Amino acid sequence: MNIKHIKSNHFNFVKRTGASLLSLILPATCIECEDILHHTQSLGLCNSCWKSLPWWDKSIQIEPELPVYVDSFNAPLLYEEEIQKLVTMFKFYDTPEYADTFARIMQHYLPTIENPLIIPVPIHRLRLWNRGFNQADLLADKIAKYTANSFTRTALLRIKHTPKQTGSNKQKRRKILKTAFWVDTNKVKNKNIILIDDVWTTGSTAHVCAKTLKKAGASSVHVVTLCYTPI
Ligand SMILES: [Zn+2]
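Per-chain numbering applies: the sequence of each chain, read as written, is numbered from 1 onward. pLDDT decides what is reported in this predicted model: residues at 70 or higher carry local features, side-chain atom pairs at 80 or more are listed and counted, and totals for whole chains, interfaces and linings draw on all residues regardless. Side-chain measures were taken over the full set of non-hydrogen atoms in the model, leaving aside hydrogen atoms and water.

**Student:** Explain the coordination of the zinc ion to me, please; I cannot follow it from the model alone.
**Tutor:** For a metal bound by four donors in a tetrahedral arrangement, the ideal donor-metal-donor angle is 109.5 degrees, while six donors in an octahedral arrangement ideally sit at 90 or 180 degrees. Donor atoms (N, O, S) are those found within 2.8 Å of the metal centre, with the cutoff raised to 3.2 Å for Na, K and Ca; water is not part of the atom list, so apparent gaps in a site can occur. Around the zinc ion, the protein supplies Cys 30 (SG), Cys 33 (SG), Cys 46 (SG) and Cys 49 (SG) as donor atoms, at distances of 2.3 Å. Metal sites are grouped by the angles between bound donors: all angles between 85 and 135 degrees with four donors is tetrahedral, opposite donors over 155 degrees apart with the others between 65 and 115 is square planar for four donors and octahedral for six, and any other pattern is irregular. Taken together, the four donor atoms surrounding the zinc ion define angles of 103 to 117° at the centre, an arrangement classified as tetrahedral. Positions of the donor residues of the zinc ion, expressed as sequence spacing, correspond to C-x2-C-x12-C-x2-C. Taken together, the residues Cys 33 in the loop between helix H1 (3-25) and helix H2 (47-51) and Cys 46 in the loop between H1 and H2 connect sequence positions 13 residues apart. The buried category is assigned to Cys 46, whose relative accessible area is 8%. Elements are defined by DSSP. Helices are runs of H or I of four residues or more, strands are runs of E of two residues or more, and each kind is numbered from the N terminus. Classification of residues uses two cut-offs on accessible area relative to the type maximum, computed with a 1.4 Å probe and protein chains only: under 20% is buried, over 50% is exposed, and between them is partly exposed.

**Student:** I keep staring at the packing of helix H7 (residues 170-177) against helix H9 (residues 204-215) and nothing clicks. Help me out?
**Tutor:** At a closest axis distance of 9 Å, the pairing of H7 and H9 adopts a crossing angle of 40°. It follows from the interaxial angle that H7 and H9 lie oblique. As H7 packs across H9, the resulting crossing turns out to be right-handed. Contacts from Lys 170, Arg 173, Arg 174 and Leu 177 of H7 reach H9 at Ser 204, Thr 205, His 207 and Val 208. Ten residues, namely Ala, Val, Leu, Ile, Met, Phe, Trp, Tyr, Cys and Pro, are considered nonpolar, four, namely Asp, Glu, Lys and Arg, are considered charged, and the remaining ones, Gly among them, are considered polar. For the contact of H7 with H9, a count of residues per class yields two nonpolar, three polar and three charged. Only the contacting stretch of a helix is used when fitting its axis, a line to C-alpha atoms as for every element, and angles between N-to-C directions run 0 to 180 degrees. Angle categories: roughly parallel below 35 degrees, roughly antiparallel above 145, roughly perpendicular from 65 to 115, and oblique for all the rest. Note: crossing handedness is left-handed where the near helix turns anticlockwise from the far helix by less than a right angle, and right-handed where it turns clockwise. Whether two residues are in contact is decided by their heavy atoms, any of which lying within 4.5 Å being enough.

**Student:** Please explain the pattern of salt bridges as it appears in this structure.
**Tutor:** Side chains that differ in sign of charge can pair as their charged atoms come close. Any Lys or Arg side-chain nitrogen located within 4 Å of an Asp or Glu carboxyl oxygen qualifies as a salt bridge. For the coordinates displayed, the defined rule picks out nine salt bridges. For Asp 71, the salt bridge is made with Lys 214, and the minimal N-O distance between the two is 2.8 Å. Within this pair, whereas Asp 71 is found in the loop between H2 and strand E1 (72-74), its partner Lys 214 is found in helix H9, the two being separated by 143 residues in sequence. Notably, a salt bridge pairs Asp 100 with Arg 104, separated by 3.3 Å at the nearest N-O pair. With a gap of four residues between them, Asp 100 and Arg 104 both fall in helix H4 (residues 96-106), about one helical turn apart. Linked by salt bridges that have partners in common, Asp 137, Asp 141, Lys 145 and Arg 153 make up one network.

**Student:** Quick question: what am I supposed to make of the packing of H4 against helix H6 (residues 135-147) here?
**Tutor:** As a packed pair, H4 and H6 sit with axes 9 Å apart at the nearest point and diverge in direction by 50°. As far as their axial angle goes, H6 and H4 are oblique. The chirality of how H4 crosses H6 is right-handed. Between H4, through Pro 96, Ala 99, Asp 100, Phe 102, Ala 103, Arg 104 and Met 106, and H6, the contact on the second element is made entirely by Leu 138, Leu 139, Lys 142, Ile 143 and Tyr 146. Considered class by class, the residues forming the contact of H4 with H6 number nine nonpolar, no polar and three charged.

**Student:** Please explain the layout of surface pockets as it appears in this structure.
**Tutor:** Any space left empty among the atoms is revealed by the rolling of a water-sized probe across them. Estimates place the volume of the second largest pocket at around 760 Å³. Every element with two or more residues in the lining of the second largest pocket is listed here: helix H3 (81-92), helix H5 (125-131), strand E7 (192-200), H9 and strand E8 (220-228). When grouped by side-chain class, the residues that make up the lining of the second largest pocket number 11 nonpolar, 12 polar and eight charged. A pocket here means an open set of points on a 1 Å grid, computed over the protein atoms alone, that has protein on both sides within 12 Å along at least five of seven lines. A cavity is instead a set of points where a 1.4 Å probe fits but cannot get out; residues with an atom within 4 Å of a point line either one. Grid points are joined across faces, edges and corners, and a volume is the space filled by probe spheres set on the points.

Written out as structure tokens, the structure is:
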């Protein structure tokens, strides 16, 4: 533990506590444009920003070819300019209110399956320590609460710290990720899993996670992300 991290975590705690106290006295604002929200507006976005989100119209932008171990994939939004800024804020800054907005949207995009177990795509503990949170975990936890489904963050762990994969092709990504995950067989055997992440890019992470879960006996693995990046 170094001073930078202690300071960072302390600052985050103070910021979070301060933010929650402020939220009691200040009106709610849109997470995109910061306009004050009226009581008829929900989900943390004003009507104008809500309408301008890049909703995924599957009649225009077709679904990706699914990796063999993935039973289904769904996402509300395309990963386009209007949402990229919000996702970056969510991923790299301490903005838990974004998780709430995103999870409330994503809960309507889950597959209809019996007794699903909701699992976040894990990040390595070094990245977790560095960032202070796993954005997929925040989403999965809230989605599970809103839909009254089971949730676990300990069934699938990332045990290998892999380099940032920007620019890597699908095959290379899969090779790098091949031994990156560990699974608790007892927790996933015969379960219908819904794997949660923020963005689907090449599908490589989904592929490797789904393969790991299926080899451990999962009955099905469905993937839901906030955004889909058409390639
Ligand atoms: Zn707005």
